[in-house]
Amino acid sequence: MDPGLSKSELESRQRAYANEAHLVKIVDRRKFDPSLKPTIVAAPAGYSAGTVVVDTGHKFLYLVGSDGKAHRYGIAVGATGHAWSGKAVIGRKAEWPAWYPTDDMHAQTPQLPRRIEPGQHNPLGARALYLYQNGVDTLYRIHGTSEPWTIGTEASSGCIRMLNEDIIDLYDRASNGATVVVL
């Protein structure tokens, strides 16, 4: 049990994920900057409902609602030299995806396996939103993480990481075909 959570709080949060294919580790959010906790805020100006806006500088992801509000989540972003920005769409969504490291990742770390099976140790975590441009997979993702301590940092190979609890929530709210703007 996480020492920061009461037993009843932990059990309540675990019940929410009882039907998951793999264990969703519950994270004690008190260990993070409070601004990284999911919340409802005023939506970023100029974006239509359903748009996902990723503010890499502040390490926030926004899902714009139709009421002038947005769901805001704390994220981890690409490490220096690996950051990506641009406009894409959610081309597909996957629950507990397998991870296939790219050729560039293998060049950098030759001992990486060709595939990591779904599960709690998979770097993509519980869900992945695959970003496409002009019908082509960009190889960038918005996904969960097996390394929750990276949230709020520049840690990834360019993808946007979220706590597994948060990516599950976003996955349920965001639609295939939704616009994603990474600033």
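Scoring rules and cut-offs
Residues numbered from 1 in each chain as written. Predicted model: local features only at pLDDT ≥ 70, side-chain atom pairs only at ≥ 80, totals over all residues. Heavy atoms only, no water. Helix = DSSP H or I, 4+ residues; strand = E, 2+ residues; numbered from the N terminus. Buried < 20%, exposed > 50% of the residue type's maximum accessible area, 1.4 Å probe, protein only. Polar contact = N/O pair within 3.5 Å; in protein donor to acceptor, adjacent residues only side chain to side chain. Contact = heavy atoms within 4.5 Å. Pairing = 2+ DSSP bridges. Axes fitted to C-alpha atoms, helices over the stretch in contact; angles between N-to-C directions. Phe/Tyr/Trp six-rings, centres within 6.5 Å; stacked < 30°, edge-to-face > 60°. Lys NZ or Arg CZ within 6 Å of the ring centre and 35° of its normal. Core = buried A, V, L, I, M, F, W, Y, C linked by side-chain atoms within 4.5 Å.

Enquirer: Explanation requested: the side chain of T145 in the structure shown.
Expert: Locating T145 in the fold gives a position in the loop between β8 (136-143) and β9 (154-156). For T145, a relative accessible area of 5% puts it in the buried group. At 2.9 Å, the side chain of T145 forms a polar contact with the backbone nitrogen of E147. Excluding its chain neighbours within four sequence positions, the residues that come into contact with T145 are P123, L124, G125, T150, I151, R161, M162 and N164.

Enquirer: Which parts of the structure should I look at to understand the sheet that holds strand β10 (residues 160-161)?
Expert: Strand pairs in the sheet, formed through backbone hydrogen bonds, run parallel or antiparallel to each other. Pairing within the open sheet is mixed, and its nine strands lie in the order β1-β4-β3-β2-β11-β6-β7-β8-β10. One side of each edge strand has no neighbouring strand; the edge strands of this open sheet are β1 (39-42) and β10. Across six bridges, the pairing between strand β6 (residues 86-95) and strand β7 (residues 127-133) is antiparallel. Paired with E95 across the bridge in β7 is R127. Relative to the sheet, helix α3 (residues 164-173) contacts β3 (60-64), β4 (69-74), β6, β7 and β8, its axis offset from that of β7 by approximately 55 degrees.

Enquirer: I'm lost on the packing of aromatic side chains in this one. Help?
Expert: Aromatic rings in a pair are described by how distant their centres are and how their planes are angled relative to each other. In this structure the tally under the stated criterion is two aromatic pairs. For the pair W84 and Y140, a centre-to-centre distance of 5.2 Å together with 20 degrees between the ring planes defines the contact as stacked. Of the two residues, W84 sits in the loop between β5 (77-78) and β6 while Y140 sits in strand β8, which places them 56 residues apart along the sequence. The class of W84 is buried, set by a relative accessible area of 17%. Sitting above the plane of the F60 ring, R72 keeps its charged end 4.1 Å from the centroid. Positioned over the ring face of Y171 is R127, at 5.2 Å from the centre of the ring.

Enquirer: How do you make sense of the side chain of R29 when you look at a structure like this?
Expert: Mapped onto the elements, R29 comes out in the loop between α1 (7-15) and β1. For R29, the side chain forms a polar contact with the side chain of D166, separated by 2.6 Å. Once residues lying within four places of it in the same chain are set aside, the contact partners of R29 are R13, K37, P38, L163, E165 and D166.

Enquirer: Quick question: what am I supposed to make of the nonpolar core here?
Expert: Note on soluble globular proteins: their nonpolar side chains tend to be buried together. Counting residues in each nonpolar core, the largest one holds 22 residues, and the members touching the most others are V54, L61, I142, M162, L170 and V180. If you list the elements that add at least two residues to this core, you get β2 (52-55), β3, β6, β7, α3 and β11 (179-182). For this core, the leading source of residues is α3, giving three residues. Setting aside residues no more than four positions away along its own chain, V54 makes contact with F60, L61, I75, I160, V180, V181, V182 and L183. If you look at the next biggest cluster of nonpolar residues, it comprises 12 residues, including V27, L36, V41 and I151.

So, to be careful, I would describe these as geometric facts and stop short of saying anything about function.
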